[in-house]
Amino acid sequence: QVQLVESGGGLAQPGGSLRLSCVASGSILSPNTMAWYRQAPGKQRELVAAMHSDGSTNYAASVKGRFTISRDNTKKVVSLQMNGLKPDDTAVYYCNFSSGYRGFWGQGAQVTASV
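Small disclaimer: the values here were computed from a predicted structure and weren't measured. (Residues numbered from 1 in each chain as written. Predicted model: local features only at pLDDT ≥ 70, side-chain atom pairs only at ≥ 80, totals over all residues. Heavy atoms only, no water.)

Visitor: Go over the state of the cysteines with me, naming the residues and quoting the values.
Guide: Under the counting rule described, the total for this entry stands at 1 disulfide. A sulfur-sulfur separation of 2.1 Å characterises the disulfide bridge that pairs Cys22 with Cys95. Measuring handedness by torsion sign, the sulfur bridge of Cys22 and Cys95 sits at about -80° and is left-handed. On the criterion of sequence distance, the pair formed by Cys22 in strand 3 (residues 18–26) and Cys95 in strand 9 (residues 91–99) is long-range, its members being 73 residues apart. Note on accessibility: Cys22 and Cys95 belong to one class, buried. (Disulfide = S-S within 2.5 Å. Helix = DSSP H or I, 4+ residues; strand = E, 2+ residues; numbered from the N terminus. Buried < 20%, exposed > 50% of the residue type's maximum accessible area, 1.4 Å probe, protein only.)

Visitor: Outline the environment of Leu20, supporting the account with residue identities and numerical values.
Guide: Turning to its location among the elements, Leu20 is positioned in strand 3. What makes Leu20 buried here is its relative accessible area of 0%. For the pair Leu20 and Gly55, spaced 35 residues apart in sequence, the C-alpha separation works out to 19 Å. If near-sequence neighbours (up to four positions away) are discounted, Leu20 is found in contact with Ser7, Gly8, Gly9, Trp36, Val78, Ser79, Leu80, Met82, Tyr93, Ala109 and Val111. (Contact = heavy atoms within 4.5 Å.)

Visitor: Before we move on, could you go through the sheet that holds strand 3 and cite the residues and values that matter?
Guide: On the basis of which strands lie adjacent, the open sheet formed by 4 strands has the order 1-3-8-7 and antiparallel pairing. Strand pairing shows two members of the sheet lacking a second neighbour, strand 1 (2–8) and strand 7 (67–72), which therefore form its edges. Adjacent strand axes in the sheet meet at a mean angle of 15°, parallel and antiparallel pairs treated alike. As defined by bridge partners, strand 7 adjoins strand 8 (residues 77–82) across 6 bridges and the pair is classed as antiparallel. Its bridge partner being in strand 8, Thr68 is matched across the sheet by Gln81. (Pairing = 2+ DSSP bridges. Axes fitted to C-alpha atoms, helices over the stretch in contact; angles between N-to-C directions.)

Visitor: Please set out the pairing of strand 9 residue by residue, giving values where relevant.
Guide: Among the 9 residues that make up strand 9, 7 are buried, leaving the element largely enclosed by the rest of the structure. In the sheet, strand 9 pairs with strand 11 (residues 109–113) via 3 bridges, with the strands oriented antiparallel. By the bridge assignment for strand 11, Tyr93 is matched with Ala109. The sheet contact formed by strand 9 and strand 10 (residues 102–105) spans 4 bridges and is antiparallel. In the strand pairing of strand 10, Phe97 is matched with Phe104. Counted between consecutive antiparallel strands, the loop separating strand 9 from strand 10 contains 2 residues, among which Gly100 sits at a positive phi close to 65°.

Structure follows, in structure tokens:
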């Protein structure tokens with residue numbers, strides 16, 4: 001089992017910045033992927049950014065150039081720096097850990113970009 005605890009998020013004005021962090025504990029196997037997904041009301045959950053244990057990354061087109069994913073393998077932390085927030089970024093953001101056939105989710109953190 002892998003436990004994921006998220007922190008950060010909250011409210012920011014459009015154009016502002018927020019940061020999310022997720023600490024993983026438990027049976028952390030490699031290779032693995034740590035990622036952030038989001039789900040807005042009435043919409044499907046979508047991938048925002050992912051970082052693999054080899055350091056490679058994937059970003060959704062809608063956030064590329066504005067969001068940056070990073071991870072500290074020693075501390076088992078994955079973070080998402082969100083700059084240039086837009087109202088369309090408003091959603092619940094979920095941390096995800098996957099390795100092979102195993103996948104785990106965090107509890108979710110609300111991010112709201114609004115005046």
